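Chain and residue survey
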Amino acid sequence: YTRRQLLDVLECAGFEVELCSYVMSAVLPGAMALRLAERLRPRAQRPAESGYPRLPSLLNSLLTHLVGLEGYLVRWLNLPFGLSVLALARRRMRNG
């Protein structure tokens, strides 16, 4: 889903959306580079399973903290890009 698609689906299903934002934006550039590199490799050299490489602990720690910071930011900001879309919605109360 894109953010707009998820908003539309939730609203059509009778939900009141309180929050809808992209998340995991801190890791998006690395994930895109990895996926591009995989596509550029000849098929015979591609691994059978797609996976993410093990990161050095310092880089992993930095990305973990950045993603944690995003958790606070999405309370007030809709992030413009990311690997995933996060939504918080409540079913609308019916009158009567």
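Note that the structure is a prediction, hence the values are computed from the model and not measured.

What follows covers the overall build of the protein. From N to C terminus, the protein includes three helices and two strands. Mapped from its N terminus to its C terminus, the protein presents α and β elements in the order α-β-α-α-β. Since a compact globule built from 96 residues should have a radius of gyration of about 12 Å, the 18 Å found for the protein marks it as more spread out than a globular shape. Its C-alpha atoms give the protein principal-axis dimensions of roughly 60 × 30 × 20 Å. Carbon and sulfur atoms provide 59% of the accessible area of the protein, an area that totals close to 7800 Å².

Time to look at the environment of Tyr 22. Checked against the element boundaries, Tyr 22 lands in strand β1 (residues 15-23). For the pair formed by Tyr 22 and Pro 80, sequence separation is 58 residues and the distance between their alpha carbons is 6.4 Å. Ignoring any residue separated from it by four or fewer positions in sequence, one finds Tyr 22 in contact with Thr 2, Arg 3, Val 74, Leu 79, Pro 80, Phe 81, Gly 82, Ser 84 and Val 85. Polar side-chain contacts of Tyr 22 include one of 3.1 Å to the backbone nitrogen of Arg 3.

Side chains of Leu 55, Leu 59, Leu 62, Leu 66, Leu 69, Tyr 72, Leu 73, Trp 76 and Leu 77 sit close together on the surface and give an oily, nonpolar patch of about 870 Å² of accessible area. Structurally, the position occupied by Leu 77 is in the loop between α3 (57-73) and β2 (84-91).

If you check which residues of helix α1 (residues 3-12) are buried, you get Leu 6, Leu 7 and Leu 10. Along the axis of α1, the buried positions cluster into a sector of 100°, meaning they face one direction only. Looking at the buried side of α1, the elements it contacts are β1 and β2. Just past α1, the residue Gly 14 takes up positive phi, approximately 90°.

If you trace the backbone, Ser 25 turns up in the loop between β1 and α2 (28-40). The buried category is assigned to Ser 25, whose relative accessible area is 14%. In contact with Ser 25, not counting residues within four places along its chain, are Glu 70, Leu 79, Phe 81 and Gly 82.

Moving on, we come to the state of the cysteines. Scanning all chains against the criterion turns up zero disulfides. Cys 12 forms no disulfide, and the closest cysteine sulfur to it belongs to Cys 20, at a distance of 13 Å.

The next point concerns the pattern of salt bridges. Pairs may arise between side chains of opposite charge once their charged atoms sit close together. Overall, the coordinates contain three salt bridges when judged by the stated rule. A salt bridge links Arg 4 to Asp 8; the nearest nitrogen and oxygen atoms lie 3.1 Å apart. One end of the pair is Arg 4 and the other is Asp 8, both in helix α1 and four residues apart, which spans about a single turn. With a closest N to O distance of 2.3 Å, Glu 18 and Arg 90 form a salt bridge. On the criterion of sequence distance, the pair formed by Glu 18 in strand β1 and Arg 90 in strand β2 is long-range, its members being 72 residues apart. Through salt bridges that share partners, Arg 4, Asp 8 and Glu 11 make up one connected network.

Procedures and definitions
Residues numbered from 1 in each chain as written. Predicted model: local features only at pLDDT ≥ 70, side-chain atom pairs only at ≥ 80, totals over all residues. Heavy atoms only, no water. Helix = DSSP H or I, 4+ residues; strand = E, 2+ residues; numbered from the N terminus. Rg over C-alpha atoms; globule rule 2.2 N^0.38 Å. Areas by Shrake-Rupley, 256 points an atom, 1.4 Å probe, with all protein chains shown as cover. Contact = heavy atoms within 4.5 Å. Polar contact = N/O pair within 3.5 Å; in protein donor to acceptor, adjacent residues only side chain to side chain. Patch = residues over 30% accessible without salt bridge, like charges linked within 9 Å, V, L, I, M, F, W, Y side chains within 5 Å. Salt bridge = Lys/Arg side-chain N within 4 Å of Asp/Glu carboxyl O. Buried < 20%, exposed > 50% of the residue type's maximum accessible area, 1.4 Å probe, protein only. Arc of directions from axis to C-beta. Disulfide = S-S within 2.5 Å.

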